[in-house]
Each structure stands twice: as C-alpha cells, then as structure tokens.
Amino acid sequence: MSWSIRLGGYILAAALLLAGHPALAEKRVALVIGNSAYQNVPQLTNPANDGAVMTQTFKNAGFDVVDYRRDLTARETRRALRDFADAARDADIAVVYYAGHGMEVEGSNYLIPIDARLERDTDVYDETLSLDRILVAVEPAKKLRLVILDACRDNPFTRNMQRTVATRSLGRGLAKVEPTSPNTLIAYSAKAGSTAQDGDGNNSPFTLALSRHIATPGLDVRKAFGFVRDEVLKSTSNRQEPFVYGSLGGEDVPLVPGVPRVVTQMPVTPPPANPQADIRRDYELAMQVGNKGALNAFLAQYPDGFYASLAKLQLEKLTAEENRAAAAEKARATEAERARLAAEGARKDTLAKAEAEAKAAEQARQAAEKANQLAQQQAADAERKRQEQQLAAADNPRAATSPAAAPQQGPQVASLTPASQPADLTKSVQLELRRVGCLTEDADGDWGSASRRSLSQFNRYAGTKLDTQAASADALQTIKLKQARVCPLVCQHGYKSDGDRCTRIVCAEGSFVNDDNECEKRREKKPVAKRDASDDEDVPSRRRGARAAPEPGMPMPAPNVGVGVGIGVGGGGLGVGIGMAPSIAPPRPQAQARPKPSSGQIYCDAYLCRPVRQGCRLEYRGGGGPGVNATAEVCN
C-alpha cells in the first residue's frame, strides 16, 4: 500500500514538473544567415557579427536546432533553406534570422546572396531569393512561424542597376508585406520604405536590442518586439523604427516558455540619478524639430541652466537667419526701385532719395549678414563644446556624476548614444547628405572630393555657409534640421525625375526625345529628285543650250559665225551668196564699238561687203564681168 502511494506521488511530481516546463514539450528550431562578404559591391561589416550574436542568443534560450550559415551564395542559400524546412517539419516554433542586403522590386521583397550580380533589374529574379521562399521554409511549424530581417540597409545595387522597363519600380528598403499563413510574423529592422543603420559598433542597433529582449522567458514575442522598437528609436534618435507585420491569436506566445527566474544576488547600489538627463533629452528633441516654437517651448519649461543657454543661442541663430533673409529681400527691393526710377528719368531729388534708401538697405543687409555669421559660429561652438563634454562623460562616468567636478566642467551628462569618432561623424554627415539628395556616392566615411561637392551643393540650395573641407558636428546638426529634399534631382538627357529617382522617358511610336527632353513627333522626309549618270554626262551640252536660250526680254546674243561671200555674174545678173558656219572656239570678249548708222542695204565688191552708208543707195549699172562690179553706191 505504501509502495503504491509512493508511486502515485512520483507520477504526480513528474506531471507537475512537465506542467511547469512546457519547453520540454515544444520543439524550437532556428536558422541564422549572416551575409557580409559580398563579391560585387562593398562588403558589410556587421551582418556576420550580428549572426553570431543571434546564434548564441538562440542557443542560450535552449533551442533544439540552431543552424548558423555565414556568407552564402545563391545555391548555398537554397540548400540551407531546404535543410531547415526538413528540421521544421515537426517543430512548434521555427525562426529564420537574416542579416545582409535585401531589396524591393515591384512590391516584392528579395534577399541578396553574396555572389549576386545585379546589372539589370530583371536579374533580381535569377540572382536573388524571394521572401516567399523563406516563408515556405518556416511553414511546417505549428505554433509560431517567425522571420526576422535585418536587411533594410542602404542598397548599393539599385544605384548601378540598369532599368529595362522604365515603369518598373525599385523601392527604398523593403516593401510592406502581409503574411497569408496564420501564426506568422515578419519583423523588419526598419519599417517599410525606410533604411536601417549599421551602428557605430560591431553590431547593428536592431540586433543588439533583439538579443536583449527576444529570449526573455515567458515574454510574449509581440511585446518583446515592442521593447526592441522602443530601444532602437531611442538609440537612433528616432531615425529608425523597427516594424512587425502579421498577427497572432489572443494567447501569449513567448519564444522561451516559462516564468522568468528570480536570481538572488547581492544588492547593488544604483548610481546617483542625473537630474539633467531629462532636460538634455528634451533639448535634443527641440533641436530635432529645429524651429523657434520648439525652442521657446523648451525655454518656457527650463528657463535657466546649461541647456537653457544652449537653447537661447540656437534661438538667436534662427532669429539672425530670419533677419538676414529679410534684410536681403529689402535691399533687393530698394535697388530694383532705384533702377526703375533711373530708367524712367525721375527727378533728381526723387532719384537721390531712392539711392539713399538703397544704400541704407545694403548696409543693413551687410550688418545682418555679419550678425548671422556670428550667431551661427556661437551656436556651433556651443554645440561642439556640449558634445566634447558628453564624450568626456562617456569616457569617465564617475567624473560626470562627481559633485567636485561639476563646478569646474559644467554639467556632465552621459550621452544616449556612443560618442562618434571622426570616421563615424563623417559617415553620419554623408548619410544625411544622401537623405536630402545632395550626395549620390556611398557613405564610406571618407571625406573626399565628392563629399565636399555635395556639402557645397547643400550650402547653395539651403543658403548656409558650412565649411566644406571637413565633416563637422555643426554640419550634421544643420542638415538634420532639413526634413525634406534640399538638392534638386538632376537627371541626364532622356530621363525625367519621378520622386527620388530618374526614370527613362518613353515616347509614343513615331516620336523621339528632343533637346528639351520632351517627346516630339518625327517629320516625314520629302522625296528628293536625283539625276542619273546619263544626265551628268549631258551637263556641258545643257549648259551650252542654256547659254543659247536667253530669258524673256533679254537681247539675243550674237552668234559666233564665219561669213563667206561668193559673187557670180551671168545672164545679165549678179548673184551674191553669204554663208555662216559655227566657229570652232568661242571668241574672246571684246569691247563693242558703237554701230554706225546705215541704210539697211549691203554693198559688196571684189574684196569685201559692208553696209551702205546712211543717205546713200545702190544703183545697178549693168554689164559686169570678172573683176567688174555691176552695182554702184550712189550718195547725194
């Protein structure tokens, strides 16, 4: 009897043990992919490190299978997904974590292996793997299908990719997706249409936050991603917001079942609270808004102190900029009025008054310009000093909270984000220049000629005078204040701007893109008559014919002829014959003598023929013979 009671107690204890450890009844599998060593674009630093961190996180969480694959080609990725689908066939929870490059084409998302060569937009379908292929790998899981993508980075493939169809869209980041399978979640490191940051350290901000919260025992996975979102927003100054797509049921679905264990440890004395942490946070938010209303609201809440002085300097900078713009506009208007009066010939006293007003307005503009430069410099120096103090506080936290050090160094406030080294500051400025459309190159942390030109373009279109020789905190802060695009989008001939990209101009059939970048209808070519070889051979004869036929109303040119005269006498009569034959060569042009008046008759003797002189006549005398002229010229 006692034995049966004892056995029943063992069975009850085992049942309670199983009930208190649901992990013993669930199978959890994970596939981790980290692609860093890209072959056709610059390599990424963090994805391989991020994959290692998440692999260790899943192993510490007690996952049954954790498969870590690094730097996979397209073929290796397909094989890894096929093997993982077999492991997930009888699993309750299946997780795929991917870190690397991804892109969106026509609303569909694709993950890019390290050997992808994307020269045209259509290469995406052959060289990459669609997100749907990843979802197929986790589909066998019964309770939770989770896909985590840290792939929203700035993609270098899209900048050099040739568009085969002008209307095909290539998105920025990844596109929004709605899973069709139940109990499926897809987590992005940045919400659809935006890009994520790699961070200043060895891991991305998203992966660091994910490793801290995703494996918390008993914590619902949706709430875990909520904590991840809050931490990433805080660490990136609200520039990156993770997002989760899909839905689950009403019950909690923790990635690691069970209640968090309570660890007993020695009490730790927390560091003294910094009373200015909230003030600094509010000041940074006011600076992000970047207008006078936000700064005035901050000063209304915190009228005194270190950050109040900084806010006043920033307010003076904005006021000086407004005064400079107003003075420049007034100087322009008065100069235009003076020029108008001078052109219209106004009276001297009116013109002198206009000139005096224009001169005073120009002096006021110059004074406002100097005051604006001074305010800009003071605000920049104050902001630089604040960052130096934050850097000192990060290096020596004890000094930041030491009462003895506070009077000498001012308020020391620990920074929310790690202090930027020069290379990180340069990369941050480059990223901001890309955001406002002034930089088209990669943000590589090298401040070269392309970066200097881009900052010069920003100065031109934003009306600022930032130093272009090096990246600075003042430049970073000034560019962050611009919420929209600053530099215009310039497209080459044959392309037009479409949002933030250039698309090819497609003209209708029979039209072409003219020099004004507009579609113009082609003109039909009229037929042109051509002459053949026979016509060319007859050119000299036609030219002679053209010379022979004068235009109407023009005198007939004298023919080139030779004259022959023959005289014969017989039967009591005289015969005179005159023959003309074309000459062999055209005569030389000679000066024409004025013709002598004649009677219209011709007199011929044995030697020559000549016109009968005016006032004379011919009379027939009869007779005649060889050497005898039977006709005589008789003059009154």
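Cut-offs used in this document
- Residues numbered from 1 in each chain as written.
- Predicted model: local features only at pLDDT ≥ 70, side-chain atom pairs only at ≥ 80, totals over all residues.
- Heavy atoms only, no water.
- Pairing = 2+ DSSP bridges.
- Helix = DSSP H or I, 4+ residues; strand = E, 2+ residues; numbered from the N terminus.
- Axes fitted to C-alpha atoms, helices over the stretch in contact; angles between N-to-C directions.
- Contact = heavy atoms within 4.5 Å.
- Core = buried A, V, L, I, M, F, W, Y, C linked by side-chain atoms within 4.5 Å.
- Buried < 20%, exposed > 50% of the residue type's maximum accessible area, 1.4 Å probe, protein only.
- Salt bridge = Lys/Arg side-chain N within 4 Å of Asp/Glu carboxyl O.
- pLDDT = per-residue confidence, 0-100.
- Right-handed = clockwise from strand over helix to strand, strands pointing away.
- Expected span 1.5 Å × (residues − 1).

Things to note about the sheet that holds strand 1 (residues 28-34)
Then step 1. Read from one edge of the open sheet, 6 strands run 2-1-3-7-8-9, paired in mixed fashion. Only two strands of the sheet have a single partner each, and these edge strands are strand 2 (65-70) and strand 9 (243-247). Ignoring which end each strand starts from, the neighbouring axes of this sheet average 10° apart.
Then step 2. In the sheet, strand 7 (residues 144-150) pairs with strand 8 (residues 184-188) via 5 bridges, with the strands oriented parallel. Across the sheet, the residue bridging to Ile148 is Ala187, located in strand 8.
Then step 3. Along the sheet, helix 2 (residues 46-60) contacts strand 1, strand 2, strand 3 (93-99) and strand 7; its crossing angle with strand 2, the most-contacted strand, is approximately 170°.
Then step 4. Docked against the sheet, helix 7 (residues 205-213) engages strand 3, strand 7 and strand 8, running at close to 145° with respect to strand 7.

Side note on the nonpolar core
Then step 1. Ranked by size, the top nonpolar core spans 44 residues in total, and within it Tyr38, Phe84, Leu118, Leu131, Val147, Leu149 and Tyr188 carry the most contacts.
Then step 2. Elements supplying a minimum of two residues to this core: strand 1, helix 3 (74-87), strand 3, strand 4 (102-105), strand 5 (108-111), helix 5 (131-138), strand 7 and strand 8.
Then step 3. When residues in this core are grouped by element, the largest group, 5 residues, is from helix 5.
Then step 4. Excluding anything up to four places from it in sequence, Leu149 contacts Tyr98, Leu111, Leu131, Leu174, Ala187, Tyr188 and Ser189.
Then step 5. In terms of nonpolar packing, the next biggest core, distinct from the first, is built from 30 residues, Phe58, Val66, Leu210 and Leu248 among them.

With respect to the pattern of salt bridges
Then step 1. Enumeration over the complete set of coordinates arrives at 23 salt bridges.
Then step 2. Here Arg229 ties to Glu241 by a salt bridge, and the two come within 3.1 Å at their closest N and O atoms. Residue Arg229 is located in helix 8 (residues 221-235), and its partner Glu241 is located in the loop between helix 8 and strand 9; the two are separated by 12 residues in the primary sequence.
Then step 3. Assessed through its relative accessible area of 32%, Arg229 is described here as partly exposed.
Then step 4. Given a relative accessible area of 22%, Glu241 falls into the partly exposed group.
Then step 5. We note a salt bridge from Lys465 to Glu369, for which the minimum N-O separation is 2.7 Å. Separated by 96 residues along the polypeptide, Lys465 in the loop between helix 16 (449-462) and helix 17 (473-480) and Glu369 in helix 12 (residues 348-395) bring together distant segments of the chain.

Here's the deal with the confidence of the model for the protein chain
Then step 1. Residues with a pLDDT of 70 or more make up 72% of the protein chain, whose mean pLDDT is 76.
Then step 2. Here helix 14 (residues 406-409) stands out as the least confident element of the protein chain, with mean pLDDT 37; strand 1 is the most confident, with 95.
Then step 3. This model gives residues 260-264 a pLDDT under 50, and the stretch forms 1 contact once residues within four places in sequence are excluded.
Then step 4. Ignoring residues within four places in sequence, the model shows residues 558-583, a span with pLDDT below 50, making 35 contacts including any to other chains.

Focus on the pairing of strand 1
Then step 1. Across the 7 residues of strand 1, 7 count as buried, placing the element largely inside the fold.
Then step 2. Every second residue of strand 1 is oriented toward a common face, with Arg28, Ala30, Val32 and Gly34 on one face and Val29, Leu31 and Ile33 on the other, all of them buried.
Then step 3. Where strand 1 lies against strand 3, 7 bridges are found, and the strand directions are parallel. Residue pairing in the sheet places Leu31 in a bridge with Val96 of strand 3.
Then step 4. In this sheet, strand 2 lies alongside strand 1 in parallel orientation, the contact comprising 6 bridges. Bridged to Gly34 within strand 2 is Arg70.
Then step 5. Taken together, strand 1, helix 2 and strand 2 form a β-α-β motif whose crossover is right-handed.

A short note on helix 2
Then step 1. Across its 15 residues, helix 2 extends 21 Å between first and last C-alpha, which sits within 8% of the 21 Å expected from 1.5 Å per residue.
Then step 2. When we look at burial in helix 2, the residues that qualify are Asn46, Pro47, Ala48, Asp50, Gly51, Met54, Thr55, Thr57 and Phe58.
Then step 3. Two residues or fewer after helix 2 comes Gly62, characterised by a positive phi angle close to 85°.

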